[in-house]
Number of protein chains: 2
Amino acid sequence: MSETNEIKVAVDAIVFGYQQNTLYVLLVKQKFGQMKGTWVLPGGFVLKEESLKEAVTRELQEEAGIKVNYLEQLYTFGDDVHRDPRFRVISVAYFALVNPNNFALVHQNDTDAEEAQWFAIDRIPKLGYDHNEIIKVAHQRLKNKLAYQPIGFDLLADEFPFSDLESLYTVILEQDIDRRNFRKKILSLGIVEETNTLSASTGSGRPARLFKFNKDQYNQLLDEGFHFEIKFA
Amino acid sequence: MSETNEIKVAVDAIVFGYQQNTLYVLLVKQKFGQMKGTWVLPGGFVLKEESLKEAVTRELQEEAGIKVNYLEQLYTFGDDVHRDPRFRVISVAYFALVNPNNFALVHQNDTDAEEAQWFAIDRIPKLGYDHNEIIKVAHQRLKNKLAYQPIGFDLLADEFPFSDLESLYTVILEQDIDRRNFRKKILSLGIVEETNTLSASTGSGRPARLFKFNKDQYNQLLDEGFHFEIKFA
DNA sequence: TCAAAAGTGTTCTCTTTACACCCATGG
DNA sequence: CCATGGGTGTAAAGAGAACACTTTTGA
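Only a predicted model underlies this, so the values are computations on that prediction, with no experimental measurement involved.

Topic: the protein's contact with DNA strand D
Residues in contact with DNA strand D amount to 24 residues; listed here are only the nearest, B:Ser163, B:Arg179, B:Lys184, B:Gly205 and B:Arg206. The protein-proximal atoms of DNA strand D, defined as those within 4 Å of the protein, are 45% sugar or phosphate. The side chain of A:Asn181 places a nitrogen or oxygen atom 3.0 Å from a base nitrogen of DNA strand D. In the environment of DNA strand D, a base oxygen lies 3.0 Å from a nitrogen or oxygen atom belonging to the side chain of A:Arg206.

A word on the protein's contact with DNA strand C
Within the structure, DNA strand C sits among 23 residues, and A:Ser163, A:Arg179, A:Lys184, A:Arg209 and B:Asn181 are positioned closest to it. A breakdown of the atoms of DNA strand C within 4 Å of the protein gives sugar and phosphate a share of 44%. Interatomic distance of 3.2 Å between a side-chain N/O atom of B:Arg180 and a base nitrogen of DNA strand C. Looking at the surface near DNA strand C, the elements with two or more residues in it are helix 4 (179-189) of chain A together with helix 4 (179-189) of chain B. Along the lines of polarity and charge, the residues of the surface near DNA strand C split into five nonpolar, seven polar and 11 charged.

Considerations on the relation of the copies chain B and chain A
Of the transformation superimposing chain B on chain A, the axial component is 0.0 Å and the angular component is 180 degrees, with the fit at an RMSD of 0.0 Å. Each copy turns onto its partner about a two-fold axis.

Observations regarding the interface of chain B and chain A
Contacts between chain B and chain A engage 30 residues on the former and 30 residues on the latter. Here A:Lys48 ties to B:Glu6 by a salt bridge, and the two come within 3.4 Å at their closest N and O atoms. At the level of secondary structure, the elements contributing two or more residues to the side of chain B that touches chain A comprise strand 1 (7-19), helix 1 (52-64), strand 5 (70-77) and strand 6 (88-97) of chain B. The leading source of residues in the side of chain B that touches chain A is strand 6 of chain B, at four residues. Looking at the side of chain B that touches chain A residue by residue, the classes come out as 12 nonpolar, seven polar and 11 charged.

Details of the packing of aromatic side chains
Residue and element names in this part refer to chain A. Counted according to the given criterion, the structure contains 28 aromatic pairs over all chains. Members of the aromatic cluster, connected to one another through ring pairs, are Phe153, Phe160, Phe213, Tyr218 and Phe226. Lys8 extends its terminal NZ or CZ atom over the ring of Phe87, reaching a point 4.5 Å from the ring centre.

Definitions and limits used
- Residues numbered from 1 in each chain as written.
- Chains lettered and ligands numbered in written order.
- Predicted model: local features only at pLDDT ≥ 70, side-chain atom pairs only at ≥ 80, totals over all residues.
- Heavy atoms only, no water.
- Near = heavy atom within 4 Å.
- Polar contact = N/O pair within 3.5 Å; in protein donor to acceptor, adjacent residues only side chain to side chain.
- Helix = DSSP H or I, 4+ residues; strand = E, 2+ residues; numbered from the N terminus.
- Nonpolar A, V, L, I, M, F, W, Y, C, P; charged D, E, K, R; others polar.
- Least-squares fit on C-alpha atoms with pLDDT ≥ 70 in both.
- Contact = heavy atoms within 4.5 Å.
- Salt bridge = Lys/Arg side-chain N within 4 Å of Asp/Glu carboxyl O.
- Phe/Tyr/Trp six-rings, centres within 6.5 Å; stacked < 30°, edge-to-face > 60°.
- Lys NZ or Arg CZ within 6 Å of the ring centre and 35° of its normal.

Here is the structure:
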């Protein structure tokens, strides 16, 4: 029973960002040890007096200078006893989303990682440990959640054209959707509202009206037993 | 960083069983320590050379002599630094289901727990640690999963009358359902098949035809993109 | 005036809901 | 023959899917 002392507890974060029809994941370059130079998920060991959640937010701040706007526990990886070649480590992985406001990375020098960088989901290099596997699990979770929780909005700016929301769904779910039916469906839920703003011109095409997610309204509907769900043909 | 050595890793299992319109949870009486005599979830510390999953199945065997027929990771509880008053412990909780075949408890004497016992979900006593909270989370997961995964069958005998399946749904979801529509819906999924057996008489009423879940068929449909879902009015 | 993206309604199909009476058995 | 639980169909309403042309802007 005392052997449990020899198991180390780590946290890792899979942070998703979305920009220009591309889904990105945040990675950091390992600064120390035999894995120096390898790209891995941001994360690290949990301190004795901090909660798991605190450990993740601390590591994200230290390693990438980033604050996320959605965070939930994903899964705890601890079945492969040798997933870390040095020690027995179990890792509690967290699923996180940032919107473009928080996208920028602060490069502090006093960090665990030499660099932090965004990688397109289909351009992830071979990572250290089992982190490629962890990203797969997180990607699947993202796909699933998109259908029954309004987390798409956490990946967009506060005000966005409808087409951004639509292409976010097509890109992440890798599936075409009908523009008219999608718009009708989303608007019928009553959690997205029109603003008076039009998008700045992008050089071609008609400017789009901007919309925003009404979180208060969503929470109120939740209390009333409302059930968010988006499905496609 | 070395402080992580002082965090202990435990697993706990929430095992659900269903009998006679009642949902049960398996609890064990703590045998040692200052919590001696308190009811808690089966579980214990993870050994250095075993996977998390192995740890759960080992503990369930040792403490209750039970084998489950569904097991999945639920959540890792580690945000309250003092959830165990003795040490910093994080617990990876597992969600498990048994069917009536595996319901019986073997009372070995060489176990961690003095006793193992089934408690109706609405008759759970005050438990040690944060285990009442953990059960709430597991109960919610059970309710959610029932709607989009055919796990109800893991709580029933291999062959069951339709009314058992139906009352399982009403009991766990705490919601009435229309008998005719429910039967139509389930049968239309094509994963439940009729047997030739009729239930033994229970003293009154017409004997029921028994059905069984066709797991192979379900898995095949899954591969074809099938999506299980049961909703109610 | 052309290219590019935004905006918009209707019809058809399928799924979900609501609802009530007869059947088989044991006592 | 009565009490108990098992078994079944239909119609109405709602949700999802399919589908194409007009509008606004910049170049």
